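# Structure assessment
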Amino acid sequence: MSNSDITRRDFVHGVSGATLAALLSGKPATAAALRDASTYPPLRTGLRGQYPGSFEIAHAARDGHFNGPVSAKSTGEHYDLIVVGGGISGLSSALFYQKALGPKARILVLDNHDDFGGHAKRNEFRHKDRMYLSYGGTMSIETPFPYSFTAKSLLTELGVTPSRWKDVVQPKTFAGMGSGVFFDREHFTADSLVPGFNHEEAPTAAFWDAAPLDFASKTALLRLYDANTNFMPGMTPHERRKRLEAMSYETFLRQYAKLPDQAVSFFDGAGYRNNMRIDTCPAFMAMRGGAPGFAGMEVEQDPLVEADFFHFPDGNASIARLLVARLVPKVFGAPQTMDSIVTATADYSHLDRPDQPVRIRLKQMVVRVEHVGDASVVENASGSIHPVRVVYQKPDGSDDQRYEATAENVILACFNNIIPYIAPQLPESQKQALKYPSKVPMMYTSVLLRNWRAWKSAGVNIVMAPHGYYQHLLLDTPLRLGAYESVGAVDEPATLHMLRNPNFPGHPRKDQNRMGRQEMLATSFETIESETRAQLQRTFGSYGFDEKQDILAITVNRWPHGYAYTYDTLGDPTFPDAEQPHVIGRKPFGRIAIANADSGAAAFTNIAIDEAERAVQESLASRGYD
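Position labels on residues start from 1 in each chain and follow its written sequence. Residue-level local features of this predicted model are given only where pLDDT is at least 70; pairs of side-chain atoms are given and counted only at 80 or more, and the full residue set underlies all totals for whole chains, interfaces and linings. Just so you know, side-chain values use all the structure's heavy atoms and leave hydrogens and water out.

### Focus: the overall build of the protein
Assigned secondary structure in the protein consists of 21 helices and 21 strands. For 626 residues, the compact-globule formula gives about 25 Å, and the C-alpha radius of gyration of the protein, at 25 Å, lands near that figure. Using a 1.4 Å probe on the protein chains alone, a residue whose accessible area is under 20% of its type maximum counts as buried, one over 50% counts as exposed, and one in between counts as partly exposed. Taken across its 626 residues, the protein has 59% of its residues classed as buried. Two residues form a contact once any of their heavy atoms are found within 4.5 Å. In the protein, once contacts between residues fewer than 6 apart in sequence are set aside, the share between residues at least 24 apart is 74%. Split by element, the accessible area of the protein, about 24,600 Å² in all, is 52% carbon and sulfur. Counting rule applied: Lys, Arg positive; Asp, Glu negative; His and chain ends not counted. Here the site of a charge means atom NZ of a Lys, CZ of an Arg, CG of an Asp or CD of a Glu. Here the protein holds 64 positive side-chain charges and 70 negative ones, and the gap between their average locations is 3 Å. To qualify as a helix, a DSSP run of H or I must reach at least 4 residues; to qualify as a strand, a run of E must reach at least 2; elements of each kind are numbered from the N terminus. Both definitions apply: the radius of gyration is a C-alpha atom measure, and the globule rule equals 2.2 Å times residues to the power 0.38. Per-residue and other accessible areas follow the Shrake-Rupley method at a 1.4 Å probe size, with only the shown protein chains counted as cover for residues.

If you want it as structure tokens, here you go:
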């Protein structure tokens, strides 16, 4: 999709021309946003996430630029623990370690981005003295399995009570609205936004009547959603499970449900666990995720017990902020609760000060982690293992000066795929295991809309676009938490969340992830901006939406190295538990431990927390603590 009328004059660094004019005219709210963005990262618009300037040195390390000895200027700093990576796993590691060794434990957290939280990224807008929030990554507290005792206990310690969700969410705000599908004329019979699509149940008859599908496709889809149709007769429940695990959902749709091409293309934008598409998602996994076609058959499967659900307005960035509030109290100035943290403003100048036991040092890329000597050698004089040396520098390559600090323990809470290049002492088998997965590329774009009248007129608050640049468009969830209300009246601004998962059908899943990552890195903000505006105009233009007037700001959260890779029955061999790549990859090495969602092979916040706790236990054991 494109719009030849869009120019850089209309949109500058994520801020619309109309908003920029307001800034220059001195209106207070947006003037404050412009002033504060230089020192307050959540207010920055344009290209965020893994933005240019945050990863260039990481790629240099991958390409072998730091092979051999790496020199650095000593800072003279020695810590009990250095954590590489300031996401939820890294911050949790710091807190668990501090709790174990006491408040005086010296801890340094290093991160290559200008903000903490990792994928849990806060997007903040200011318009007419009001704050509007969105999430730039990790959306919610949720998993298809219960939270562990460790994860639940940490949430409780931080004051987070997921069971409050039913009292926080405000469903009446979008009364009369629901999910819809945008059918594009290139793949269907016309451009049409059709409401009445229900993700949980079969779509309404009115939806199918209005859908611009040919007769054969409409008939096939009605049959697919029929709860009484068994597409795999003559099999036992166990046989069906094994067959579904061995085929893709696309194969099921074509060969068993007999869907024609146009009907299959209806599912092209659907994303299943770990961003699998219909050509790479096992049919069994699609069924577990609620895909249609299985209601009329009995299939052997394990009980599905989900965790409690809770969504902060800025996603799980609120959890990261609560962790920082515990580690470096001066950043927020006062104790924080799950209510107050939503609107609290962090003072980033307090993150890295020499007079505090925990320091968080941003915009620093670690290029070497190594024991000062053999990791297994114990010095006879002191009876201790050599400390670990950590070398870091600016992540954009603008300054070749490198610095080093040492620590008794190091926890690598960064991505698994960079670890082999910055920790060369690791065994070769462990390095290969760390390289096995291919992280899932994702793009979360937050848009501040002038109002949501067009959405109200269309009768939708969620749109699925099977062939759109973005596959999913979601108005912000209406909720009230503390002093914050996410969605006001229809004529007031609201934030919009747009999700893009670049895929290349026909290739193996890991290759699709790599290809999507390359495309994402090669795409300029100008192109993303143009596509964003064009898709919104095409979808809602007939309902009175004007992208030149109704978009106030855009923040693009680009994650080429996105969520942790999860194994599946089509793309991965069956590994014995102890031989799974993530299990081999997370083994401790001397005083170096590994903690991240990658090391749990699941892209969930509770996994990041659990892996942090494990890494801290391994770190303490390496120092001889019981």
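Here the narrative resumes, following the displayed structure.
### What about the packing of helix α4 (residues 88-101) against helix α21 (residues 605-622)?
How two helices sit against one another is set out by the angle between their axes and by the gap between those axes. Put simply, α4 and α21 touch, their axes get as near as 8 Å, and they point 40 degrees apart. The angle between α4 and α21 places the two elements in the oblique class. Relative to α21, the crossing made by α4 is right-handed. For the pair formed by α4 and α21, the contact residues are Ile88, Ser89, Ser92, Ser93, Phe96, Tyr97, Ala100 and Leu101 on the first element and Thr605, Ala608, Ile609, Ala612, Glu613, Val616, Ser619 and Leu620 on the second. Gly is placed with the polar residues, together with every amino acid not listed as nonpolar (Ala, Val, Leu, Ile, Met, Phe, Trp, Tyr, Cys and Pro) or charged (Asp, Glu, Lys and Arg). For the contact of α4 with α21, a count of residues per class yields ten nonpolar, five polar and one charged. Helix axes use the C-alpha atoms of the stretch in contact, all axes being lines fitted to C-alpha atoms, and the angles between their N-to-C directions lie in the range 0 to 180 degrees. What sets the label is the angle itself: under 35 degrees gives roughly parallel, over 145 gives roughly antiparallel, 65 to 115 gives roughly perpendicular, and the rest give oblique. For any helix crossing, the convention is left-handed if the near helix is rotated counterclockwise from the far helix by under a right angle, and right-handed if that rotation is clockwise.

### Some details on the pairing of strand β11 (residues 365-371)
A large share of β11 lies buried, amounting to seven of its seven residues. Here, strands pair whenever DSSP counts at least two bridges between them. As paired strands, β11 and strand β12 (residues 388-393) are joined by six bridges and run antiparallel to one another. Across the sheet, residue Val366 finds its bridge partner in β12, namely Tyr392.

### What about the packing of α4 against helix α13 (residues 317-327)?
The contact between α4 and α13 brings their axes to 10 Å, and the two run at 30 degrees. Compared by their axis directions, α4 and α13 come out roughly parallel. Here α4 runs over α13; the crossing is left-handed. Across the interface between the two elements, Ile88, Leu91, Ser92, Ala94, Leu95 and Gln98 of α4 pack against Ile319, Ala320, Leu323, Val324, Arg326 and Leu327 of α13. In terms of residue class, the contact of α4 with α13 is made up of nine nonpolar, two polar and one charged.

### Quick word on the environment of Ser349
Topologically, Ser349 is positioned in the loop between α13 and β10 (358-361). For Ser349, a relative accessible area of 42% puts it in the partly exposed group. Along the backbone, Ser349 and Thr143 are 206 residues apart, and their C-alpha atoms lie at a distance of 35 Å. The term polar contact refers here to a pair of N or O atoms within 3.5 Å; inside protein, the definition further demands a hydrogen-donor-capable atom paired with an acceptor-capable atom, and it admits residues adjacent in sequence only when both atoms are side-chain atoms. There is a polar contact of 2.5 Å between the side chain of Ser349 and the side chain of Asp347.

### Some thoughts on helix α18 (residues 525-540)
Two residues of an α-helix separated by three or four positions point the same way, owing to the 3.6 residues in each turn. Along its 16 residues, α18 runs 22 Å from first to last C-alpha, staying within 8% of the 22 Å computed at 1.5 Å per residue. With twelve of 16 residues buried, α18 lies mostly within the body of the structure. Phe525, Ile528, Glu529, Ser530, Glu531, Thr532, Arg533, Ala534, Gln535, Leu536, Thr539 and Phe540 are the residues of α18 that are buried. The length a helix should cover is 1.5 Å for every residue beyond the first.

### A short note on the pattern of salt bridges
Salt bridge, as used here, is a side-chain nitrogen of Lys or Arg placed within 4 Å of a carboxyl oxygen of Asp or Glu. Scanning all chains against the criterion turns up 39 salt bridges. Its salt-bridge partner being Lys548, residue Glu547 comes within 3.2 Å of it at the nearest N-O pair. On the accessibility criterion, Glu547 (2% relative accessible area) is buried. What makes Lys548 partly exposed here is its relative accessible area of 33%. Residues joined by salt bridges that share partners form a network here, namely Glu77, Asp352, Arg359 and Arg361.

### Details of helix α9 (residues 237-245)
Burial in α9 covers these residues: Arg240, Arg241, Leu244 and Glu245. Within α9, the buried residues cover an arc of 130 degrees as seen down the axis, which keeps them to one side. For α9, the secondary structure elements touched by its buried residues are α10 (249-256) and α12 (283-288). Comment: arc refers to directions from the helix axis out to C-beta atoms.

### A look at the packing of aromatic side chains
Think of a pair of aromatic rings as described by two things: how far the centres are apart, and how the planes are tilted against each other in angle. Two aromatic rings from Phe, Tyr or Trp, using only the six-membered ring of Trp, form a pair when their centres are within 6.5 Å; if the ring planes differ by under 30 degrees the pair is stacked, by over 60 it is edge-to-face, and anything between is tilted. By the definition in use, this model includes 34 aromatic pairs. Between the aromatic rings of Phe197 and Phe266, the centroid separation amounts to 5.7 Å while the plane-to-plane angle is 70 degrees, which identifies the pairing as edge-to-face. Linking Phe197 in strand β9 (residues 192-197) with Phe266 in the loop between α11 (261-265) and α12, this pair joins segments that are 69 residues apart in sequence. An identical accessibility class is assigned to Phe197 and Phe266; each is buried. Above the plane of the ring of Tyr469 lies Arg500, whose end atom (NZ or CZ) is 4.0 Å from the centre. By the criterion adopted, a ring carries a charge over it if an Arg CZ or a Lys NZ lies within 6 Å of its centre and within 35 degrees of its normal.

### Re the environment of Gln535
Position of Gln535 relative to the elements: it lies in helix α18. Judged by its relative accessible area of 1%, Gln535 is buried. A polar contact is formed between the side chain of Gln535 and the backbone nitrogen of Tyr470, at a distance of 2.8 Å.

### Quick look at the confidence of the model for the protein
Put simply, the protein has an average pLDDT of 92, and 92% of its residues get 70 or more. For every residue, the predictor reports its confidence as pLDDT, a number between 0 and 100. For the stretch residues 1-35, pLDDT sits under 50, and the model shows 68 contacts to residues farther than four places along the chain or on other chains. Confidence drops under pLDDT 50 across residues 378-383; counting only partners more than four residues distant or on other chains, this segment forms five contacts.

### Quick look at the side chain of Asp114
Note that Asp114 resides in the loop between β5 (107-110) and β6 (122-127). Among the polar contacts listed, one links the side chain of Asp114 to the side chain of Arg44, at a separation of 2.7 Å. Reaching out from Asp114, the side chain makes a polar contact with the side chain of Arg48 at a distance of 2.8 Å.

### Some points on the pairing of strand β4 (residues 73-84)
Two strands pair when backbone bridges link them, and β4 and strand β13 (residues 403-412) are joined in this way by eight bridges, in the parallel orientation. Along β13, the bridge assignment pairs Val83 with Ile411.

### Observations concerning the environment of Arg533
With respect to the helices and strands, Arg533 occurs in helix α18. Put simply, Arg533 and Lys548 are 15 residues apart on the chain and 8.3 Å apart in space, counted from C-alpha to C-alpha. Polar contacts involving the side chain of Arg533 include one to the side chain of Glu547, which spans 2.6 Å.

### Digging into unusual backbone geometry
Non-glycine residue Asp129 carries a positive phi angle of around 65 degrees. Among the secondary structure elements, Asp129 is positioned in the loop between β6 and β7 (130-135). The exposed category is assigned to Asp129, whose relative accessible area is 61%. Its identity as a non-glycine residue notwithstanding, Lys363 has a phi of 55 degrees, on the positive side.

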